[in-house]
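Structural description and commentary
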Amino acid sequence: EAHLDSTRNILNIYYEKRSFVGFEDFIRSNKILLRGQPIEEFYGSFEGPLFYCEPVFKGRPATIFFRNPEYNPLRDYSRVKILNPPSQDDDEDEDQKLRCFKMADNAHYYGCVHTILKLSGFKQTSERPDWSLFFGGYMKLEGLKNFGPFQKFNHFPGNWCLGRKDHLWKILYSSIQQYPDHYQFCPATFLLPQDWMEFSKTRERNPKKLFILKPTDSCSGRGIKVLKKNTHVQNKCGYVVSEYITQPHLISKLKYDLRIYVAVTSFNPLRAYLYKNGMVRFATQPYENTSKSLSKKYV
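Let me begin by describing the structure that accompanies this report.

Digging into the pairing of strand S9 (residues 211-215)
- Burial of S9 is extensive: four of the five residues sit out of reach of the surface.
- Sheet analysis places S9 next to strand S11 (residues 239-243), joined by five bridges and oriented antiparallel. Paired with Ile 212 across the strands is Ser 242, a residue of S11.

Here is the structure:
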């Protein structure tokens, strides 16, 4: 805590670089306290045993049980067992395969993922080829072909069909052609640059209509722009344009969105788990369908 003021700038550098390599060492070397505790006490032991959970159904494999930090309520441990530490007669390399995870150099650092893995008995590696979990961004099929049978990746192959706005629209458009009555809620959408002419004609026919421009592969509101009558638009690759919904559903005159959390463990067969709690985010300023209102950041 005494070092907090002097380290804020360095912490901001870590955040701006989107790279937290060496972050834990930085915390330790500067003796920064987290909630009044050293990082080891705050997170618990990083050299804990490897826990696994026995299957509910016969014939199903066991799964890794990820521990909660000590400051969080513990979950049900009734089916949880501890993997015995390797003896001198065991194959050390086989055990290390279970206990190693690797993070891609360009992967966004998620502290909760990093911490839970370490709390659950995993060790991070950058050189060993026999890790059991790889955490990173998009990977081509050529890279997936080199995975061993025990190795897991944090993305399903082809998940960008849902994660990228342009790929998702192509799937939706195909469904609209087959079942138009069921997809009337979808606003007209154009992919740039291939739909530029159609978008330009639609905009000319409807000069008062608003559109919204978004990057196809970005998130967190980055690069989004509401297009008004006189807004100049460049025909650039990697953007999607949709009709702006000018009459959204409001609560107390505020725009909002709902966020639910679903864990998909298999697509064939489809197996998904819906978390019982969700989240609602509200705008902080009342919504009005005016040019002045739409230019405000918190509407």
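From this point, things continue past the structure.
Focus on the nonpolar core
- Counting residues in hydrophobic clusters, the biggest one holds eight residues: Phe 190, Leu 192, Phe 199, Phe 211, Leu 213, Leu 227, Val 233 and Val 241.
- Counting residues per element, the ones that place at least two in this core are strand S8 (189-192) and S9.
- Discounting chain neighbours no more than four positions away, the residues touching Leu 227 are Phe 199, Arg 203, Lys 209, Leu 210, Phe 211, Leu 213, Val 233 and Val 241.
- Judged by nonpolar contacts, the second largest core, of seven residues, contains Cys 100, Phe 134, Leu 144 and Phe 153.

Re the side chain of Asp 166
- Locating Asp 166 in the fold gives a position in helix H8 (residues 165-178).
- Relative accessible area serves as the criterion here: at 11%, Asp 166 is assigned to the buried category.
- In contact with Asp 166, not counting residues within four places along its chain, are Leu 191 and Thr 216.

Notes on the packing of aromatic side chains
- Applying the stated rule across the entire model yields 11 aromatic pairs.
- Note on Phe 134 and Phe 153: the rings are 5.7 Å apart at their centroids and 35 degrees apart in plane angle, and the pair reads as tilted. Separated by 19 residues along the polypeptide, Phe 134 in strand S6 (residues 133-135) and Phe 153 in strand S7 (residues 152-153) bring together distant segments of the chain. Each member of the pair, Phe 134 together with Phe 153, is buried.
- Ring geometry for Phe 199 versus Phe 211: centroids 5.3 Å apart, planes at 90 degrees, classification edge-to-face.

Focus: helix H9 (residues 196-205)
- Among the residues making up H9, those that are buried are Phe 199, Ser 200, Thr 202 and Arg 203. For H9, the angular spread of the buried residues around the axis is 165 degrees, confining them to a single face. Turned more than 90 degrees away from the buried face of H9 sit Met 197, Glu 204 and Arg 205, all of them exposed.
- Buried residues in H9 make contact with S8, S9, strand S10 (225-227) and S11.

Section: the sheet that holds S11
- Strand order in the open sheet made by the four strands is S8-S11-S9-S10, with antiparallel pairing throughout. Single-partner strands in this sheet number two, and they are S8 and S10. Mean inter-strand twist for the sheet, computed between neighbouring axes without regard to direction, equals 25 degrees.
- Sheet analysis places S9 next to S10, joined by three bridges and oriented antiparallel. Each residue of the ladder has a partner; that of Leu 213, found in S10, is Lys 225.
- Each of S8, S9 and S11 touches H8; the most contacted strand, S8, lies at about 135 degrees to it.
- Its contacts with the sheet put H9 on S8, S9, S10 and S11, and the angle it makes with S8 is roughly 135 degrees.

Thresholds applied
Residues numbered from 1 in each chain as written. Predicted model: local features only at pLDDT ≥ 70, side-chain atom pairs only at ≥ 80, totals over all residues. Heavy atoms only, no water. Buried < 20%, exposed > 50% of the residue type's maximum accessible area, 1.4 Å probe, protein only. Helix = DSSP H or I, 4+ residues; strand = E, 2+ residues; numbered from the N terminus. Pairing = 2+ DSSP bridges. Core = buried A, V, L, I, M, F, W, Y, C linked by side-chain atoms within 4.5 Å. Contact = heavy atoms within 4.5 Å. Phe/Tyr/Trp six-rings, centres within 6.5 Å; stacked < 30°, edge-to-face > 60°. Arc of directions from axis to C-beta. Axes fitted to C-alpha atoms, helices over the stretch in contact; angles between N-to-C directions.

Function-wise, these values are silent; they only describe arrangement.
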